Amino acid sequence: MTQLSLGQLATLACLMEVSAPKPGNVHRGADFDDLKLDDFQASAVAIGPAFDAARDQGIGVTILTAMRATQAVVSTNTNLGLLLLMAPLARSSAMDQAAVQSVLDSLTEQDSHDVYGAISLASAGGLGRQQEMDVGGPPPRSLLEAMQHAQDRDLIAAQYVNGFQQLFEDAVVPLRKKIEKQVPLPAAIVQTHVQFMSLHVDSLISRKCGMEVAHEATQRAQKVLRTYNQDKENYESAVGELDFWLRSDGHRRNPGTTADFIGAAIFVGLIDGWITQRSVASSDGK
């Protein structure tokens, strides 16, 4: 994929993530009433120019510019979490924790200002309303300090504190292993999505529905994973049952944070080259 620009890779990662039939999420076979595949596709295209410039500017500028472009084409938040994960990766000299940590260590007060601006544009939670560093208030001087305050309730914020540990260990590594075993890309994405859900409480579900429901989602994903390991013939049925439960209650159980991690892992794979043109060409597999 070296012939594609960084912005094109960012767009492609978003398109590949949303196209795979991940349980509980919008994909090419399932929309929500108020959020459709077209919204995600338009958002994916919109962010390309911001990511083409990502290596020559602060990550806050990339996130804010991409969010402004997104808001010009959709009326809802389709990608804030994904932008927060992808922007440091786009600026990084290598796709590993050490290189990303170097990027995070260079964050400035302007980055904090720009990221808070993007959060405000998206009208999204994440860092939450708190006595300190409320996203509805003025941006703090240190974005990392704000992320530290939010890390226990938001897994994306935690990545800024721990150098993207969960992204690399629990999304990138398993996705790459599946690709290297020649699992078709959509199936590899779905399997990694379920595996990530089984390990981590989804921050979006916990914000919308509370921790009890979020933990239940994790437990249900663990059950699906056990089915895959013990009885692969019933795996598809188990995924379908998880998908049905996640879509119930007006899709409030949508594991959107998990999807953000999967999209970022795909972005890593495209940059590193272990997701190739052949992977994309075979993406009609199950």
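Please read these numbers as outputs of a predicted model, since none were measured by experiment.

*Asks:* What should I look at first to understand the environment of A118 in this one?
*Replies:* Here A118 lies in helix α7 (residues 109–122). With 55 residues separating them in the primary sequence, A118 and V173 have C-alpha atoms 29 Å apart. For A118, the residues in contact, after removing those within four places along its chain, are I63, L64, M67 and L80.

*Asks:* Can you help me understand the side chain of D170 in this one?
*Replies:* Among the structural elements, D170 can be located in helix α10 (residues 165–180). Buried charge D170 goes without a salt bridge, the closest partner of opposite sign being K177 at 9.6 Å. At a separation of 2.7 Å, a polar atom in the side chain of D170 contacts the side chain of H200. When residues no more than four places from it in sequence are discounted, the contact partners of D170 are Q165, T192, F196, L199 and H200.

*Asks:* Just checking my understanding: could you explain helix α5 (residues 80–91) for this structure?
*Replies:* Given 3.6 residues to a turn, an α-helix orients residues that are three or four positions apart in the same direction. With 12 residues, α5 should cover 16 Å at 1.5 Å per step; its first-to-last C-alpha distance of 17 Å lies within 8% of that length. Across the 12 residues that make up α5, a large majority, 11, are buried. Buried residues of α5: L80, G81, L82, L83, L84, L85, M86, A87, P88, L89 and A90, and no others.

*Asks:* For this particular structure, what's the right way to read the nonpolar core?
*Replies:* The tendency in soluble globular proteins is for nonpolar side chains to be buried side by side. Grouped together as the largest cluster of nonpolar side chains are 67 residues, with contacts concentrated most on L89, Y160 and F267. The contacts of Y160, once residues within four sequence positions are left out, are I59, I63, L84, P88, L104, L107, L143, L144 and M147.

*Asks:* In this structure, what is going on with the side chain of T62? I would like to understand it.
*Replies:* Looking at the element boundaries, T62 is found in helix α4 (residues 59–71). A distance of 2.9 Å separates a polar atom in the side chain of T62 from a polar atom in the side chain of Q57. Those residues within four positions of T62 in sequence are excluded, and the remaining contacts are A50, F51, A54, Q57 and A87.

*Asks:* Help me understand helix α8 (residues 143–150), please; the structure alone is not making it clear to me.
*Replies:* The complete set of buried residues in α8 reads L143, A146, M147 and A150. Down the axis of α8, the smallest arc covering the buried residues is 100 degrees, so these residues share one side. N-cap assignment for α8: the residue whose side-chain oxygen lies 3.4 Å from the backbone N of L144 is S142.

*Asks:* Mind showing me how you'd approach the packing of α5 against helix α6 (residues 97–105) here?
*Replies:* Two quantities define a packed helix pair, namely the angle between the helix axes and the distance between the axes. One can describe the packing of α5 onto α6 by two numbers: an axis separation of 9 Å at closest approach and a directional angle of 105 degrees. Of the possible angle classes, the one that applies to α5 and α6 is roughly perpendicular. Residue-level inspection shows P88, L89 and R91 of α5 in contact with α6, the latter providing V100, V103 and L104. The residue makeup of the contact of α5 with α6, split by class, is 5 nonpolar, no polar and 1 charged.

*Asks:* What is the right way to look at the confidence of the model for the protein chain in this model?
*Replies:* Note that predicted coordinates carrying low pLDDT should not be read in detail. Taken as a whole, the protein chain shows an average pLDDT of 90; of its residues, 91% reach a score of 70 or greater. Between residues 125–134, whose pLDDT stays under 50, and residues either more than four places distant or in other chains, the model counts 25 contacts.

*Asks:* Can you help me understand the packing of aromatic side chains in this one?
*Replies:* Given two aromatic rings, their pairing is described by the distance between the two centres and the angle made by the two planes. Summed over all chains, the structure comprises 4 aromatic pairs. A centroid spacing of 5.9 Å and a plane angle of 55 degrees characterise the contact between Y160 and F164, whose relative ring orientation is tilted. Each member of the pair Y160 and F164 is classed as buried.

Quick notes on the rules
- Residues numbered from 1 in each chain as written.
- Predicted model: local features only at pLDDT ≥ 70, side-chain atom pairs only at ≥ 80, totals over all residues.
- Heavy atoms only, no water.
- Helix = DSSP H or I, 4+ residues; strand = E, 2+ residues; numbered from the N terminus.
- Contact = heavy atoms within 4.5 Å.
- Buried < 20%, exposed > 50% of the residue type's maximum accessible area, 1.4 Å probe, protein only.
- Lys, Arg positive; Asp, Glu negative; His and termini not counted.
- Salt bridge = Lys/Arg side-chain N within 4 Å of Asp/Glu carboxyl O.
- Polar contact = N/O pair within 3.5 Å; in protein donor to acceptor, adjacent residues only side chain to side chain.
- Expected span 1.5 Å × (residues − 1).
- Core = buried A, V, L, I, M, F, W, Y, C linked by side-chain atoms within 4.5 Å.
- Arc of directions from axis to C-beta.
- Axes fitted to C-alpha atoms, helices over the stretch in contact; angles between N-to-C directions.
- Parallel < 35°, antiparallel > 145°, perpendicular 65-115°, else oblique.
- Nonpolar A, V, L, I, M, F, W, Y, C, P; charged D, E, K, R; others polar.
- pLDDT = per-residue confidence, 0-100.
- Phe/Tyr/Trp six-rings, centres within 6.5 Å; stacked < 30°, edge-to-face > 60°.

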